[in-house]
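The residues making up each chain are set out below.
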Amino acid sequence: NVRFITALLFTVVLLAYLLLRAFNTEFISDETAAYWYYAYRGWFWGDQVVWDAANHPLNSFLGYHLYNQVGDVPGILRIGSIVSFLFYAFAIYQFTGLLQRKRLQLFSFIALLSIPYMLEYFAYLRGYGLSMGFFMTSLWFLYRYANSFKLLHLVFTYVFAFIALSANLTLLNSL
């Protein structure tokens, strides 16, 4: 299947870009707060919690535990967002496969996967990129549930929605 192979190759190229970016760039200003308070100090829960917009609970949790395992390696601390990119690519591939024209499927996949502003979030130690992959996957399973009424699709909808929400609390209204 030409669409699948092309989409897979494009996803791998973007994944390589994200990995290079994650491992070769310093923290941006928003990431600095996430790193300093949550990954380094672990102040994302409990008595010492810092209540601000930089505290994305799942991102803070992963960052803290990854920091304790591997230390100060920005690329490793950003790995959650990079993995989320794969979920995002999966969901976008599924949604664009619903289009009638084959070329439109492929061009839509490439366009949606490579939006510069959106793509950059998948290489940051922030909850936004981490949440978007799981949010889109949740929407895909919600679509599947609406068409099949299979309980498993509904369970996946809720599981991925919960992960997305725990990565970025601003999704509360959307979910």
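Up top is the structure these notes are about.
Here the structure is a predicted model, which is why all the values come from computation and not from measurement.

Asks: Would you mind showing me how to read the overall build of the protein here?
Replies: On a plain count of helices and strands, the protein comes out with nine helices and zero strands. Secondary structure elements of the protein occur, N-terminal to C-terminal, as α-α-α-α-α-α-α-α-α. Relative to a compact globule of 175 residues, whose C-alpha radius of gyration would be 16 Å, the protein shows 17 Å and is just as compact. Along the three orthogonal principal directions, the C-alpha set of the protein runs to about 50 × 35 × 25 Å. The buried share of the protein, taken over its 175 residues, is 44%. Partitioning the intrachain contacts of the protein with sequence separation of at least 6 by distance along the chain shows that 71% fall at a separation of at least 24. In the form shown here, the protein has an accessible surface area of approximately 9800 Å², with 68% of it arising from carbon and sulfur atoms. Computed over 10 positive and 7 negative side-chain charges, the separation of the two mean positions in the protein equals 24 Å.

Asks: I'm lost on the packing of helix 1 (residues 2-24) against helix 5 (residues 79-96) in this one. Help?
Replies: Helix packing geometry: the angle between the two helix axes and the distance between the axes. Look at helix 1 against helix 5: their axes get within 11 Å of each other, and the N-to-C directions meet at 160°. As judged from the angle between their axes, helix 1 and helix 5 are roughly antiparallel. Relative to helix 5, the crossing made by helix 1 is right-handed. Here helix 1 contributes R3, F4, A7, T11, L14, L15, L18, L19 and A22 to the contact with helix 5, which in turn contributes I79, I82, F85, L86, A89, Y93 and T96.

Asks: Honestly, the side chain of Q105 in this entry has me stumped. Any pointers?
Replies: Mapping Q105 onto the fold places it in helix 6 (residues 102-113). Side-chain polar atoms of Q105 contact the backbone oxygen of G97, separated by 3.1 Å. Residues within four places of Q105 in sequence aside, it is in contact with R3, T96, G97 and L99.

Asks: In this structure, what is going on with the nonpolar core? I would like to understand it.
Replies: Ranked by internal contacts, the top residues of the largest apolar core, which has 30 residues, are L18, F85, Y88, F109, L113 and F122. Those elements that provide at least two residues to this core are helix 1, helix 5, helix 6, helix 7 (116-121), helix 8 (127-148) and helix 9 (151-167). The element best represented in this core is helix 5, accounting for seven residues. Residues in contact with F109, not counting those within four places in the same chain, are A7, F10, T11, A89, I92, Y93 and T96. In terms of nonpolar packing, the next biggest core, distinct from the first, is built from 11 residues, A34, Y35, V50 and Y67 among them.

Asks: How should the environment of F141 be read in this particular structure?
Replies: In this fold, F141 is placed in helix 8. Between the alpha carbons of F141 and A91 there is a distance of 8.9 Å; along the sequence they are 50 residues apart. If we skip the residues at most four places from it in the chain, F141 touches H153, F156, T157 and F160.

Asks: Sorry if this is basic, but what is going on with the layout of surface pockets here?
Replies: If a probe as big as a water molecule is rolled over the atoms, it shows which places are left empty. Approximately 180 Å³ is the volume found for the largest pocket. Along its surface, the largest pocket is lined by F135, S138, L139, L142, L154, T157, Y158, A161, F162, S174 and L175. Where the lining of the largest pocket is concerned, the elements lending two or more residues are helix 8 and helix 9. Sorting elements by how many residues they give to the lining of the largest pocket places helix 9 first, with five residues. Here the residues of the lining of the largest pocket sort into eight nonpolar, three polar and no charged.

Asks: Mind showing me how you'd approach the packing of aromatic side chains here?
Replies: Aromatic ring pairs are reported here in terms of the distance separating the ring centres and the angle at which the planes meet. Scanning the entire structure with this criterion turns up 23 aromatic pairs. Note on F156 and F160: the rings are 6.3 Å apart at their centroids and 45° apart in plane angle, and the pair reads as tilted. Within this pair, F156 and its partner F160 are both found in helix 9, separated by four residues, close to a single helical turn. A relative accessible area of 12% means that F160 is categorised as buried. Pairwise contacts between aromatic rings join F27, Y35, W36, Y40 and Y67 into one cluster. Seen from the ring of Y93, R3 lies directly overhead, with NZ or CZ sitting 3.8 Å from the centre.

What counts and how
- Residues numbered from 1 in each chain as written.
- Predicted model: local features only at pLDDT ≥ 70, side-chain atom pairs only at ≥ 80, totals over all residues.
- Heavy atoms only, no water.
- Helix = DSSP H or I, 4+ residues; strand = E, 2+ residues; numbered from the N terminus.
- Rg over C-alpha atoms; globule rule 2.2 N^0.38 Å.
- Buried < 20%, exposed > 50% of the residue type's maximum accessible area, 1.4 Å probe, protein only.
- Contact = heavy atoms within 4.5 Å.
- Areas by Shrake-Rupley, 256 points an atom, 1.4 Å probe, with all protein chains shown as cover.
- Lys, Arg positive; Asp, Glu negative; His and termini not counted.
- Charge placed at Lys NZ, Arg CZ, Asp CG, Glu CD.
- Axes fitted to C-alpha atoms, helices over the stretch in contact; angles between N-to-C directions.
- Parallel < 35°, antiparallel > 145°, perpendicular 65-115°, else oblique.
- Left-handed = near helix turned anticlockwise from the far one by under 90°.
- Polar contact = N/O pair within 3.5 Å; in protein donor to acceptor, adjacent residues only side chain to side chain.
- Core = buried A, V, L, I, M, F, W, Y, C linked by side-chain atoms within 4.5 Å.
- 1 Å grid on protein atoms, 1.4 Å probe; cavity = no way out; pocket = protein on both sides within 12 Å on 5 of 7 lines; lining within 4 Å.
- Points joined across faces, edges and corners; volume = space filled by probe spheres on them.
- Nonpolar A, V, L, I, M, F, W, Y, C, P; charged D, E, K, R; others polar.
- Phe/Tyr/Trp six-rings, centres within 6.5 Å; stacked < 30°, edge-to-face > 60°.
- Lys NZ or Arg CZ within 6 Å of the ring centre and 35° of its normal.

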